[in-house]
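Overview (structure and organization)
Letter by letter, the chains look like this.
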Amino acid sequence: MAMGLASGGGRRRRGRGGRRPMSEINVTPLVDVMLVLLIIFMVTAPLLTAGVPIDLPDSRAAQLPNDPQQVTISIDEAGYVYIDDVQVPLGGLPQALESLPRSGGEGPDITLRADRALDYGRVMAVMGELNRAGLNRISLITNSATPASVNNRSSVEE
């Protein structure tokens, strides 16, 4: 009896292995892995936008939409300028701005991040270089979580 069960009970075997080749692919594990990777990229992508630590000033302005063709220029507390995450050597900002890719004669959108402890003149010097290079679409980046503090003018005059 055991011999009859092991031999297949009298059925004829097909081909060499007796089993038909499987013509379907199970894609469920592939979909699971791809969804996990998608979630990881969705969480980490916003964190990779700028790596220069800057203490941004506060503002109540509305947030602008992100454009993939924008270039981020950062000025840290010491006054060093970074294009995206690459530090620009002193005096090398005009050459670095000339090397930015331009499409249709227009330069990319510029987002300017400047530390709140910086001198206003330093920020204006960088904006002047941007203007001289023909990059006139500049967005100033601020923190929008808290309302901007406004000094009371009457208490200053007294």
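Owing to the predicted nature of the structure, the values given are computational and were not obtained by experimental measurement. (Residues numbered from 1 in each chain as written. Predicted model: local features only at pLDDT ≥ 70, side-chain atom pairs only at ≥ 80, totals over all residues. Heavy atoms only, no water.)

1. What about the pairing of strand β4 (residues 110-114)?
The buried fraction of β4 amounts to five of the five residues, a majority that puts the element mostly inside the structure. Side chains of β4 alternate between two faces, with Ile110, Leu112 and Ala114 and Thr111 and Arg113 buried alike. As defined by bridge partners, strand β1 (residues 71-75) adjoins β4 across five bridges and the pair is classed as parallel. By the bridge assignment, threonine 72 is partnered in β4 with threonine 111. As paired elements, β4 and strand β5 (residues 138-140) share three bridges and run parallel to each other. From the neighbouring strand, leucine 112 faces β5, where its bridge partner is leucine 140. Handedness of the crossover is the feature at issue here: the chain leaves β4, passes through helix α4 (residues 120-132), returns alongside β5, and the resulting connection is right-handed. (Buried < 20%, exposed > 50% of the residue type's maximum accessible area, 1.4 Å probe, protein only. Helix = DSSP H or I, 4+ residues; strand = E, 2+ residues; numbered from the N terminus. Pairing = 2+ DSSP bridges. Right-handed = clockwise from strand over helix to strand, strands pointing away.)

2. A closer look at the pattern of salt bridges
In the structure shown here, the tally under the stated rule is two salt bridges. Residues aspartate 109 and arginine 137 are paired through a salt bridge, measuring 2.5 Å at the closest nitrogen-oxygen approach. Residue aspartate 109 is found in the loop between α3 (93-98) and β4, and its partner arginine 137 is found in the loop between α4 and β5; the two are separated by 28 residues along the sequence. For glutamate 129, the salt bridge goes to arginine 132, with nearest N and O atoms at 3.4 Å. Taken together, the positions of glutamate 129 and arginine 132, both in helix α4 and three residues apart, correspond to about one turn of that helix. For glutamate 129, a relative accessible area of 23% corresponds to the partly exposed category. (Salt bridge = Lys/Arg side-chain N within 4 Å of Asp/Glu carboxyl O.)

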